[in-house]
Amino acid sequence: MPGSLEKLQVDDLRCLQQVELDPAPGINLVVGENASGKTSLLEAIFVLGRGRSFRTSNRQRLIREGTGAYQVLGDIAGPTRTRIGVRGTREAQTLRIAGRPAASAAELADYLPVEAIDPEVHKLVEEGPERRRRFLDWGTFHVEQSFLPTWQRYRKALRQRNALLQAGQPGQLDAWEDELTASGEALTAMRRGFLEKLAGPVARLGEDLLQSEIR
């Protein structure tokens, strides 16, 4: 289902009042003067694919000053051309795919998978395992169709188990422990499979760029 971005329309996001972009096939470079909106344009594409910004967790900061909402629309090439969109106000955000409400931001990513490499990327190595696990899960999500529902089952079981422990009701734990174990083992297998698929390309990159093996 993932496809390439064929057309982009941005309204009132950051400094962008009204911008339309028809990307060329292959690699596109965005160039311009300082403070001309290059990063905001990339941020808009990220919002379209993720439903959030890579620069801020405060949605209100995305709204152009003096306006009440931002909107990002994109036409995605694939088996059929599909329009996806994100609109945000100070109160709420709506996500749409082919005219219907999207179930979640993860559904947007099914159509337009994006990743940002920014000055914070070093945290992937410097910080703890949670950030690396998120990065790994992002890749696995796009390789294994069953990853998302399995991850959702795992998170639900984890929340329920923790709630029972906090409420002092250990007698009801067995069912949730079984679900946590089963979904956790399935996630581990999918993550391991994704890493095995990465091993070859990563090894080749190491030889090409560093003349050294990466394992």
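For the structure, check the block above.
Residues numbered from 1 in each chain as written. Predicted model: local features only at pLDDT ≥ 70, side-chain atom pairs only at ≥ 80, totals over all residues. Heavy atoms only, no water.

## Side note on the layout of surface pockets
Its boundaries defined by the atoms lining it, the largest pocket holds a volume of some 1,200 Å³. Around the largest pocket, the lining comprises 34 residues; the ones closest to its centre are R50, R52, R134, F135 and W138. Of all the secondary-structure elements, those providing two or more residues to the lining of the largest pocket are α1 (38-50), α2 (105-111), α3 (123-126), α4 (129-143), α5 (147-167) and α6 (173-210). Put simply, the second largest pocket is a space of about 620 Å³. Counting residues per element, the ones that place at least two in the lining of the second largest pocket are β1 (5-13) and α1. A total of four residues in the lining of the second largest pocket trace back to one element, the largest contributor, which is α1. (1 Å grid on protein atoms, 1.4 Å probe; cavity = no way out; pocket = protein on both sides within 12 Å on 5 of 7 lines; lining within 4 Å. Points joined across faces, edges and corners; volume = space filled by probe spheres on them. Helix = DSSP H or I, 4+ residues; strand = E, 2+ residues; numbered from the N terminus.)

## So, the packing of α4 against α6
Interhelical geometry of α4 versus α6 gives an angle of 85° and a closest axis separation of 9 Å. For the element pair α4 / α6, the angle class is roughly perpendicular. Contact residues: R133, L136, D137, G139, T140 and V143 in α4; M190, R191, F194, L195 and K197 in α6. Grouping the amino acids of the contact of α4 with α6 by side-chain chemistry returns five nonpolar, two polar and four charged. (Axes fitted to C-alpha atoms, helices over the stretch in contact; angles between N-to-C directions. Parallel < 35°, antiparallel > 145°, perpendicular 65-115°, else oblique. Contact = heavy atoms within 4.5 Å. Nonpolar A, V, L, I, M, F, W, Y, C, P; charged D, E, K, R; others polar.)

## A few points about the side chain of T140
Considering the arrangement of structural elements, one finds T140 in helix α4. Among the residues examined, T140 registers a relative accessible area of 0% and is labelled buried. A polar atom in the side chain of T140 sits 2.9 Å from the backbone oxygen of L136. The contact partners of T140, leaving out residues within four places of it in the chain, are F147, M190, R191 and F194. (Buried < 20%, exposed > 50% of the residue type's maximum accessible area, 1.4 Å probe, protein only. Polar contact = N/O pair within 3.5 Å; in protein donor to acceptor, adjacent residues only side chain to side chain.)

## Some thoughts on the nonpolar core
Of all hydrophobic cores here, the largest spans 25 residues; its most connected members are L8 and I84. Looking at this core, the elements with two or more residues in it are β1, α1, β3 (69-76), β4 (82-89), β5 (93-97) and α2. At six residues, α1 tops the list of elements feeding residues into this core. Setting aside anything within four residues of it in sequence, one finds L8 in contact with V19, E20, L21, L41, I45, L48, V72 and L73. (Core = buried A, V, L, I, M, F, W, Y, C linked by side-chain atoms within 4.5 Å.)

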